[in-house]
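Close look at the chain arrangement
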Amino acid sequence: MGELSRLAVLGAGHVGPVIARLAIRAGYPVDIATSGDPEDIALITELIIPGARPRWASDAVADAGIVVLAIPLHRFGNIDPARLDGKLVVDAMNYWPASDGVLEAFEGRGSSEVVARRLAGSAVVKAFNHIGYHELEDRARPAGAPDRRAAGVAGDDPAAVATIADLADRIGYDPVRLESLRAGRVLQPGGPVFGVVLTRPDFELAVREEQRQRSLV
Ligand SMILES: NC(=O)c1ccc[n+]([C@@H]2O[C@H](COP(=O)([O-])OP(=O)(O)OC[C@H]3O[C@@H](n4cnc5c(N)ncnc54)[C@H](OP(=O)(O)O)[C@@H]3O)[C@@H](O)[C@H]2O)c1
């Protein structure tokens, strides 16, 4: 097995630590960061994400091959796109007007498409946004388990999608690749698989039907 890429998980709230924990279990080296001093999350990281390194976000990103955005979308504007140039970026964020406030740039659009436009030097893949953090951990299963569930992986760069599909597989999900970020709109809040954890055949049926109805592919 080749060496797995280092992950920088930005966000140590609900979903960031779960992604970090699953990735560590799968053998990935993981750094985790907030917008602040890593000292502030050192103890909690040791307790709930053993093996992860708390770091300044800029250092974590600089050393990572894969950067996971697990921060509220209304904080995304604080991320400097130049720092993410050349990185594979996993967008696990959702647009929630109730908590993000109304963000005009995201209204009526695919949130990851807006993210990708801003991160023009990165390969952006939408993944892990549609599964609640509890479920993400509880439903993870080894390959071949009969009750293994699916995770959507959408992006415009096939190699980046393949890398994140592999990550999804290694952390416990049957990846379902969607052919573009636009096609990945079906993973957003209000879509047929958001908050519903389905097996691969049911997931594929649900997304293909929605994509057909909304002419997304
Ligand atoms: N909760 C879920 O079940 C779930 C599941 C899938 C996807 N999501 C999506 O994931 C995103 C995060 O959700 P959450 O519930 O985990 O949020 P949360 O509990 O509010 O945590 C957000 C984290 O992001 C950090 N953060 C904010 N700005 C940052 C920056 N510029 N750089 C680095 N870290 C930063 C915050 O720390 P500081 O404020 O200290 O910087 C905090 O640790 C949302 O878009 C959400 O829709 C959530």
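Residues numbered from 1 in each chain as written. Predicted model: local features only at pLDDT ≥ 70, side-chain atom pairs only at ≥ 80, totals over all residues. Heavy atoms only, no water.

Once that is clear, we can look at the pairing of strand 1 (residues 7–10). Of the two faces of strand 1, the one lined by Leu7 and Val9 and the one lined by Ala8 and Leu10 are each fully buried. Inspection of the sheet shows strand 1 paired to strand 2 (residues 30–33) by four bridges, in the parallel sense. Looking at the pairing, Leu7 lines up with Val30 of strand 2. Handedness of the crossover joining strand 1 and strand 2 through helix 1 (residues 15–25) is recorded here as right-handed. (Buried < 20%, exposed > 50% of the residue type's maximum accessible area, 1.4 Å probe, protein only. Helix = DSSP H or I, 4+ residues; strand = E, 2+ residues; numbered from the N terminus. Pairing = 2+ DSSP bridges. Right-handed = clockwise from strand over helix to strand, strands pointing away.)

Going through the model one piece at a time under the given rule, you end up with 15 salt bridges. Across the pair Arg55 and Asp31 runs a salt bridge, and its minimum N-O distance is 3.0 Å. Of this pair, Arg55 sits in the loop between strand 3 (53–54) and helix 3 (57–63) while Asp31 sits in strand 2, and the two are 24 residues apart along the sequence. Among the salt bridges present, the one from Arg148 reaches Asp169, with a minimum N-O distance of 2.8 Å. Taken together, the residues span a long stretch of sequence, with Arg148 in the loop between helix 6 (133–138) and strand 7 (150–155) and Asp169 in helix 7 (residues 158–171) at a distance of 21 residues. (Salt bridge = Lys/Arg side-chain N within 4 Å of Asp/Glu carboxyl O.)

Phe128, Leu136 and Ile164 are the most contacted members of the largest nonpolar core, which has 39 residues in total. Where this core is concerned, the elements lending two or more residues are strand 1, helix 1, strand 2, strand 4 (66–69), strand 5 (88–91), strand 6 (123–127), strand 7 and helix 7. The residues touching Phe128, leaving out its near neighbours within four places in the chain, are Ile19, Val90, Ala92, Leu136, Gly152, Ile164, Leu167, Ala168 and Ile171. Residues Ala8, Met93, Phe106 and Val124 belong to the second largest nonpolar core, which totals 23 residues. (Core = buried A, V, L, I, M, F, W, Y, C linked by side-chain atoms within 4.5 Å. Contact = heavy atoms within 4.5 Å.)

Here the focus is unusual backbone geometry. In this structure, Phe128 is a non-glycine residue whose phi angle is positive, near 65 degrees. The class of Phe128 is buried, set by a relative accessible area of 2%. Even without a glycine there, the phi angle at Ser215 is positive, about 50 degrees. With respect to the helices, strands and loops of the structure, Ser215 is situated in the segment after helix 8 (200–214).

Taken together, 23 residues surround the ligand, and among them Ala12, His14, Val15, Ser35 and Tyr133 come closest. Between the ligand and Gly13, the relevant distance is 3.2 Å, taken from an oxygen atom to a main-chain nitrogen or oxygen of the residue. In the environment of the ligand, an oxygen atom lies 3.3 Å from a nitrogen or oxygen atom belonging to the backbone of Ile71. The protein chains hide 79% of the 900 Å² of surface that the ligand would expose on its own. (Near = heavy atom within 4 Å. Polar contact = N/O pair within 3.5 Å; in protein donor to acceptor, adjacent residues only side chain to side chain. Areas by Shrake-Rupley, 256 points an atom, 1.4 Å probe, with all protein chains shown as cover.)

Next up on the list: helix 5 (residues 111–118). Listed in full, the buried residues belonging to helix 5 are Ser111, Ser112, Glu113, Val114 and Val115. In this structure, the buried side of helix 5 is in contact with strand 4, strand 5 and strand 6.

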